[in-house]
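Structural characterization, general
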Amino acid sequence: MITVIILRSKVADRSCSCFRLQAPPESYLDITNVNFSRFVNLTYPEPWHREFQYHGHNVYAYILAKWNDAIDLVFVQFYESYSHAAFEVNVLEMNPSEFLVGYVHRLVSQGEGLNVCFESDPSTELNNQFVSLPLEKLVLGFANGWA
């Protein structure tokens with residue numbers, strides 16, 4: 001079972017019945033990390049399941065930086081294996097609702113987006129930049145105990 005929460009959406013105002021959705025795991029669009037990598041075989045710095053080498057560094061931010069207007073909704077998958085969300089809730093015993101409120105507050109305090117250092121990978125041909133992630137597009141996805 002997957003639970004979806006849409007905070008605010010302008011998509012309902014469109015006459016088109018289709019949605020253009022991006023669904024990154026949390027590490028593939030990480031508002032807490034400015035790093036960028038095309039690789040998705042990375043680990044997190046937290047001392048938790050370091051053997052899990054399938055995290056990313058904002059690989060989906062490239063898509064938003066290039067074609068943000070073409071994406072209607074961004075469905076952040078907090079149920080990514082060994083995510084920051086899971087670490088905060090399961091290891092640090094943070095209340096899940098506190099984590100989510102903190103996530104949204106952080107996103108808003110950052111101007112509803114994230115800074116990404118694309119210049120670390122010259123093949124992107126992108127400058128370091130702010131990548132917009134407005135609340136109107138944000139969808140929070142939960143499963144595996146979150147639902």
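What this report covers is the structure whose coordinates are included nearby. From a predicted model like this one, the values you see are computed outputs, not experimental measurements. (Residues numbered from 1 in each chain as written. Predicted model: local features only at pLDDT ≥ 70, side-chain atom pairs only at ≥ 80, totals over all residues. Heavy atoms only, no water.)

Regarding the pattern of salt bridges
Under the defined criterion, the tally for this structure stands at two salt bridges. For the salt bridge of Asp-72 with Arg-20, the shortest nitrogen-to-oxygen distance reads 2.9 Å. Of the two residues, Asp-72 is situated in the loop between helix 1 (61-67) and strand 5 (73-77) and Arg-20 in the loop between strand 1 (3-6) and strand 2 (21-22); the sequence distance between them amounts to 52 residues. Residue classification places Asp-72 among the buried residues on the basis of a relative accessible area of 8%. By relative accessible area, which is 40% here, Arg-20 ends up partly exposed. Two residues, Arg-38 and Asp-121, come together in a salt bridge whose shortest N-O distance is 2.4 Å. In this pair, Arg-38 sits in strand 3 (residues 37-42) while Asp-121 sits in the loop between strand 6 (113-116) and strand 7 (129-132), placing the two residues 83 residues apart along the sequence. Judged by its relative accessible area of 47%, Arg-38 is partly exposed. (Salt bridge = Lys/Arg side-chain N within 4 Å of Asp/Glu carboxyl O. Helix = DSSP H or I, 4+ residues; strand = E, 2+ residues; numbered from the N terminus. Buried < 20%, exposed > 50% of the residue type's maximum accessible area, 1.4 Å probe, protein only.)

Side note on the pairing of strand 8 (residues 138-142)
For strand 8, the tally of buried residues reaches five of five residues, placing the bulk of the element in the interior. Of the two faces of strand 8, both are covered, the one formed by Leu-138, Leu-140 and Phe-142 as well as the one formed by Val-139 and Gly-141. The sheet contact formed by strand 5 and strand 8 spans four bridges and is parallel. Along strand 8, the bridge assignment pairs Gln-77 with Gly-141. (Pairing = 2+ DSSP bridges.)

A short note on the packing of aromatic side chains
Counted by the stated rule, this structure contains 11 aromatic pairs. Ring centres 5.4 Å apart and planes at 85 degrees place the aromatic pair Trp-48 and Tyr-82 in the edge-to-face group. Pair noted here: Trp-48 is in the loop between strand 3 and strand 4 (55-57) and Tyr-82 is in the loop between strand 5 and helix 2 (84-91), with a separation of 34 residues, a long-range link. Given a relative accessible area of 29%, Tyr-82 falls into the partly exposed group. One aromatic cluster is present, formed by Trp-48, Phe-52, Tyr-54, Tyr-82 and Phe-87 through successive ring pairs. (Phe/Tyr/Trp six-rings, centres within 6.5 Å; stacked < 30°, edge-to-face > 60°.)

Quick word on the side chain of Lys-137
Here Lys-137 is to be found in the loop between strand 7 and strand 8. It turns out Lys-137 is buried and unbridged, and the closest side chain with the opposite charge, Asp-69, is 5.1 Å from it. (Lys, Arg positive; Asp, Glu negative; His and termini not counted.)

Description of helix 3 (residues 96-109)
An ideal rise of 1.5 Å per residue puts 20 Å on 14 residues; helix 3 measures up with 20 Å between its terminal C-alpha atoms. Those residues of helix 3 that fall on the buried side of the exposure criterion are Phe-99, Leu-100, Tyr-103, Val-104 and Leu-107. All buried residues of helix 3 lie within an arc of 130 degrees about the axis, which places them on one face of the element. Away from its buried face, by an angle of more than 90 degrees, helix 3 presents the exposed residues Glu-98, His-105 and Ser-109. Packing partners of the buried residues in helix 3 comprise strand 5, helix 2, strand 6 and strand 8. Directly beyond the C-terminal end of helix 3, a positive phi value near 80 degrees is found at Gly-111. (Expected span 1.5 Å × (residues − 1). Arc of directions from axis to C-beta. Contact = heavy atoms within 4.5 Å.)

Remember that the coordinates give geometry; whether it matters functionally is a separate question.
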